[in-house]
Every structure is written in structure tokens, then in C-alpha cells.
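The chain contents come next:
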Amino acid sequence: MASKGYSVRNLQFVLYELLDVISLTEEGYFSNHSRENFDIMLDVAEDIAEKYLRPFLKEGDRNPPQVVSGRVKVHPSLHKYYNAFSSAGLLASTFDEKLGGSQVPKTVYSATDFIVGNAHNGYEMFTSLSVGAARLIVSFGSDELISTYATRILSGKWTATMCLTEPQAGSALSAITTSATHQPGGSYKVKGQKVFISAGDHDITENIVHLVLARIKGYPEGTKGISLFAVPVKRLKNENELLHNDVTSVSVYHKMGQRSTPAMQLEFGGQDDCVGYLVGEPGKGLTYMFQMMNTARLGIGLAGSYIASSAYYTSLNYATERYQGRNKRSPQDAMGQTQIINHPDVRRMLLLQKAITEGCLALVMQCYYYEDLLKVCTASERVKYSDLLELLTPVAKTYGAEMGMVSVSNGLQVLGGYGYTEDFALEQLLRDVRIMSIYEGTTGIQSQALLGRQIPANNNRSFDLWIEEVSKVIKRASESEELSPYGTWLTAEISELQRTTQHLLDIHTKGLDEIFLSDANLFMELFGIVCVAWQWLNQGVVANRSIKEAISPADRIFYLSKLETMRFFFHYELRKTKGLHERLRDNTVLTVRTDEEILV
Ligand SMILES: Cc1cc2nc3c(=O)[nH]c(=O)nc-3n(C[C@H](O)[C@H](O)[C@H](O)COP(=O)(O)OP(=O)(O)OC[C@H]3O[C@@H](n4cnc5c(N)ncnc54)[C@H](O)[C@@H]3O)c2cc1C
């Protein structure tokens, strides 16, 4: 049986020491909760992971979904997982009590999601898509849509998906052509093709609710003409009878990774008999969908971290068992060889893995914490937390996606040739993590959103608010002799980041927008590193305070490990910003297309 690929101690550190989620329960929305039931939730998630997920990671990959008699059949263990997750009340846990939920903070729910996804990142997608879709219906749908669809999804009776992508409309969703025609009685006939729809067909539940972006006949081209529809695979004739709703599974994609999750090509209304129900107001579909996309983006940041965590613990374990080469200062085996964990280069790879995994987790959890604060904060604080959340969501998504790959790839390298074989999970994890930078907006698109929209918005208001947040951590660091040099270092990094950002914004002011955004990807890389340095300094501040009071040897080592990994992040990763600043301030831009195509 595969062993746990995460540290429960680290999850507790993030929840209770770094973010102090208990303070959320003092009054208001989360006040029914306590540390005791948060810990129980983590135990429940681990129980599900142990029984229904970890043992099936490889099996799900080697036995991908099949189309049998026009319907996709998934691995039987996925049925058991879905049932266990919803029966435990986890699907609905973050929703209002009146919807059958228990008003759990998203920060805590995400820790349970981390445990589940760490054990099986493919199966986790089914539950996270259902949760995101139900939230979208609850936020924008009518009471009827909520009682018909959201409650059934949250109880685990039906699952749900997001249907955005079409063959000609990938990154550019404004190009969608799926149409919706108004019917007497208020419903719509939906017609069109959607591609790559995750969890788009399966045999787990009797019904699937697709949230479909479509253009109502007569509405304008572009994003303003797009509306959102709930389109069930089977529509309700009455309370108990379901009718086929003309949604056809055209094919299932053969993917590189996450092979246990079917990605479907779907046809809506091939027989002109597909009924959809408008969610919210017409023409606002893409705006509504941003809620689900942003939820999914944070989920991807989390996934980058939980897959990287799984790889880290596999590599760490291997590095203590494998003896190769010599190192005079370390214990040796009978042949005089040492464990590979004693070689500096292997230690560098392991430290990099740990720094990415735990740094990324802290950043994503910080975002979830802002989301929770939005539920309990004063009216005057709302703008601040929602600005911070909007600014950091593309960064958390992209850092998790891009650096998740780097982390898993280094993990594979620790195993040498064995890492490249199917005997270990690393090759699968590397295939699985590869999708993260592609779906929910590619890295290129996220980077343009960060530099082009989030940074300049409201006269750089979010950026300034973020600098205030970082400055608070720097101030706390300055109170300790050990950490104040790192606080000073981060202060200097922030100044450099401001200079580079201003340089780019000046190009924007001159109206040279193609040049302004041409290296947005590198700006994202830079901003991501500085954000994670902020999170590492914050972890360092907490660890430095706690190590002095640590009673158990295990706690002392835990905090020491945090402090050393923080130092590693600064001395090895934060150093990389120098080259990025130089490139971003270099006026020689070679990527903007000129008249003659030179890419031959
Ligand atoms: C396994 C899998 C699961 C998926 N699940 C879902 C799902 O559940 N629901 C759903 O709706 N979709 C889903 N998708 C679709 C996914 O969101 C898209 O693949 C993604 O948005 C990119 O679109 P595309 O593939 O058409 O690439 P394209 O848009 O063609 O992009 C190709 C390349 O061009 C770049 N590019 C494109 N436009 C620009 C631009 N303006 N500026 C700079 N660079 C640009 C991109 O960054 C990318 O590198 C899934 C995809 C996969 C592979």
C-alpha cells in the first residue's frame, strides 16, 4: 500500500499557526466550529484517502474510462470515493446550513481537499467540479434552479461540470457559438459542441448537470452576448422521472495524465431537443462563470502543491533507502556507499521540492483565508480582501502549476532511472501535473490577466494593498535578530518589483500594449517568486517564535526544517529575480511579430 504523501503536521501548522483559522470561529458565520471538528474533518478526509483513493491512483491511470453502449464507465473505486465524500457531508460542507451545509471555512475545507487530491488528483476533480457548479447556481440561479439542481448536486445525487471550451473557442471564450433559443414557458433549446469537458460523462450518478456557456439567438457577438445555462443530461419530467435531454457523448479524449477523469467531447441538441435553463440574467454568463473559474484556479494552485507533496515524500523516502557514491562524513553500507540523501545535489533537489510544495500551499491557503475573511469582515474591509483575492488568484494558480511541474520533475530526478519507470508513482505524477498550466486559462492568459488587468486596476490599488500585507510580515521579521536580514532583503525585493512594474506600466501609458504584455509570463514568474518569499518569511516568523517554546523533539525539528527551508527559498529561488528584472527592463523586445516571419 502506498504511504501518505503529505504532512498532517504541516497542514495543522498552516491552519492553526500561520493563519489562525480558529479566530474565524469567534463570532458570525463560522461560529459553530472549533478546532476539534476541524481536526475531525482532516481525519475523515484521511480515512477516505486511505480506503478509496491512494490504493487506486495507479489503477485509475492504467484503466482509463471506457465508452460502453454510449455511456462512459469509470473505475468502480471512483463510485465508492464519490459516495464516501458526499455521505461524509464534505460536498456541502462550505455551504449555508439552510442548503444542508455546515458553514465550514474554505481554508479548512481546502485542507481536506489537499488530503484527498494528494491521494488521487484525478478523482478529486469530480468532487471539486460539483462543489464549484453548485456554488455558481446558488450564487446566481433562481430559487427553483437552486432547489432542483444545487441541492441534488450537494447531496451527491447528481454531479456537475463546467462547459466552456469549443473547438474554435479555447483561450478566446468570446468566440463561442453554442446557441440558445428561447422557448414558450421560459426554457431554452441549446445547440452546439463542447470539447475537453472534465467529468463530462460517467456512470457514478443517474444524472449530470452541465453548466453551459451559450449565446442566446439575437444577442451580440463577443463576451457580452454570452449567457449561462444549466443543462442536465436527463431532464426531470416530474419529481421521480428523468427524460433523456439530447446530450450526447461524442468521444472521450486519450490524455497524457489525469487519465482516470474522462475529458469529453459533448454534443448538445444534435436532435434539436436539448433543454437548458437560464442561470441569472441573459448576457452575464461569462461574468458568472468567472466565479467558478476562479474557484477552480485556486484549486489548481492547491493541486500543484498536493501533487508536488506526493512526489516530495516519495523522493525523500527513496533518498534514504538508496545507497550510491561516497561521502566520508555520513554512515556507509557494507560496500562503503552512502545514502543519496547525503549528497548536496540530491539535498538541493529535495529542498527545492519542499520549498515549492510548502510555499505554494501557504500562498493558496492565504487566498482561501481572504475568501473566508470576506464572510466575517466589516463592510469597510470587503474591498481590501476581495482586491487581494483577485490579485493573487492568477498567481497562486500559475505558481502551483508551473512550479508544481518543476518540483515533481526534480522529484523524479532524485530517483534516477527508477523514477522514469512505472515502478514508482513519479512518472504518473509528472504526467498528471502537466495539465495544470493549461486548463482554467493557460499560463500565458493568466499572466496577461495579472499584468494587464489586476495590477493597473483602480490605480494599482490591489498591488498597493498587497505591499501593505507583505510589509506587515517584514515588520514582524524585523523584531527578531535571526530574521531581520531576510525582512530587509524582502523590502529590497519589493522596491525592485515596484520599479520594474512602473517601467512596464509606463509602456502601457504610452499605448504600446503589445510590448507591455509581451513578457507578461516573465512578470508572472517574478511576482510568483516574490509572493512565495513573502509566504516563506511569514512561515519563518511563526517557526522562529515557536521553536523557542517547542517542547517535543519532533516539534523542534519541524520548526527548524521550516526555518532552513525559508533560508533555502531566499538564497536559491529569490536570487532568480535579478535576471527577470533585467529582462523585463530591457527595451530590446524580440517576441512581438514584425512584418517578416522569422520563425522558420
Ligand atoms: C484535460 C483537459 C481538461 C479540460 N477540462 C475542461 C473543462 O472541464 N471545461 C472546459 O470548458 N474546458 C476544459 N478544458 C479546456 C481548457 O480550458 C483549454 O484547453 C484551455 O483553455 C486552452 O484552450 P485551447 O486548448 O484551445 O488552447 P489555445 O487557446 O488554442 O491556446 C494555445 C496556445 O496559445 C496561447 N494563446 C492563446 N491565445 C493567446 C493570447 N491571446 N495571447 C497569448 N497567448 C495566447 C495559449 O497560452 C497556448 O499556449 C480542458 C482541457 C484539457 C486538456
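Residues numbered from 1 in each chain as written. Predicted model: local features only at pLDDT ≥ 70, side-chain atom pairs only at ≥ 80, totals over all residues. Heavy atoms only, no water.

**Re the packing of aromatic side chains**
The full count for this structure, using the stated rule, is 26 aromatic pairs. Here the aromatic rings of Tyr29 and Phe30 are separated by 5.1 Å at their centres, their planes lie at 90°, and the arrangement is edge-to-face. Residue class for Phe30 comes out buried when judged on its relative accessible area of 1%. Ring geometry for Tyr486 versus Phe570: centroids 5.3 Å apart, planes at 85°, classification edge-to-face. Taken together, the positions of Tyr486 in helix H14 (residues 484-509) and Phe570 in helix H17 (residues 553-573) put the pair 84 residues apart, joining distant regions of the chain. (Phe/Tyr/Trp six-rings, centres within 6.5 Å; stacked < 30°, edge-to-face > 60°. Buried < 20%, exposed > 50% of the residue type's maximum accessible area, 1.4 Å probe, protein only. Helix = DSSP H or I, 4+ residues; strand = E, 2+ residues; numbered from the N terminus.)

**A closer look at the environment of His182**
Relative to the elements of secondary structure, His182 occurs in strand E4 (residues 179-182). Sequence separation between His182 and Val279 is 97 residues, and the spatial gap between their C-alpha atoms is 13 Å. Sequence-distant contacts of His182, defined by excluding residues within four places in its chain, comprise Ser187 and Tyr188. (Contact = heavy atoms within 4.5 Å.)

**Observations concerning helix H2 (residues 35-53)**
Over its 19 residues, H2 runs 26 Å from end to end, which matches the ideal 27 Å to within 8%, given 1.5 Å per residue. Among the residues making up H2, those that are buried are Phe38, Asp39, Met41, Leu42, Ala45, Glu46, Ile48, Ala49 and Leu53. Of the surrounding elements, those touching the buried residues of H2 are helix H1 (8-18), helix H3 (57-62), helix H4 (76-87), helix H5 (106-119) and helix H6 (121-140). (Expected span 1.5 Å × (residues − 1).)

**Concerning the environment of Ser260**
Topologically, Ser260 is positioned in the loop between strand E10 (247-252) and strand E11 (263-268). When its relative accessible area of 6% is taken as the criterion, Ser260 is described as buried. Considering only alpha carbons, one finds Ser260 and Asp61, 199 residues apart in sequence, at a separation of 5.3 Å. The contact partners of Ser260, leaving out residues within four places of it in the chain, are Gly60, Pro65, Leu78, His120, Gly122 and Tyr123.

**Here we look at the packing of helix H12 (residues 443-454) against helix H16 (residues 520-547)**
Relative to each other, H12 and H16 sit at 75°, their axes nearing to 8 Å. Here H12 is positioned roughly perpendicular relative to H16, judged by the angle of their axes. On H16, the residues touching Thr443, Gly444, Gln446, Ser447, Gln448, Leu450 and Leu451 of H12 are Ala520, Asn521, Phe523, Met524 and Phe527. In terms of residue class, the contact of H12 with H16 is made up of six nonpolar, six polar and no charged. (Axes fitted to C-alpha atoms, helices over the stretch in contact; angles between N-to-C directions. Parallel < 35°, antiparallel > 145°, perpendicular 65-115°, else oblique. Nonpolar A, V, L, I, M, F, W, Y, C, P; charged D, E, K, R; others polar.)

**Re the site of the ligand**
As a structural note, the neighbourhood of the ligand is formed by 17 residues, with Thr165, Ser171, Phe196, Ser198 and Thr442 the closest of them. Within the contact set of the ligand, a nitrogen atom lies 3.0 Å away from a side-chain nitrogen or oxygen of Gln448. Starting from 970 Å² of accessible surface for the ligand in isolation, the protein chains cover 62%. Where the shell around the ligand is concerned, the elements lending two or more residues are strand E3 (159-163), strand E5 (188-198) and H12. Class assignment of the residues belonging to the shell around the ligand gives a composition of nine nonpolar, six polar and two charged. (Near = heavy atom within 4 Å. Polar contact = N/O pair within 3.5 Å; in protein donor to acceptor, adjacent residues only side chain to side chain. Areas by Shrake-Rupley, 256 points an atom, 1.4 Å probe, with all protein chains shown as cover.)

**As for the packing of helix H9 (residues 344-376) against H17**
Relative orientation of the contacting elements H9 and H17 amounts to 100°, with a least axis distance of 9 Å. Comparing their axes, H17 and H9 come out roughly perpendicular. Within the contact between the two elements, H9 uses Arg348, Leu351, Leu352, Lys354, Ala355 and Glu358 and H17 uses Ser561, Lys562, Thr565, Phe568, Phe569 and Glu573. Residue composition of the contact of H9 with H17, by class: five nonpolar, two polar and five charged.

**Regarding unusual backbone geometry**
For Asp20, which is not glycine, the phi torsion reads 55° and is therefore positive. Tracing the backbone shows Asp20 in the loop between H1 and H2. Residue Asp20 is classed as partly exposed on the basis of its relative accessible area of 36%. Of note, Glu440 is a non-glycine position whose phi angle comes to about 60°, a positive value. In this structure, Glu440 sits in the loop between helix H11 (426-433) and H12.

Any functional reading would require information that these geometric values do not contain.
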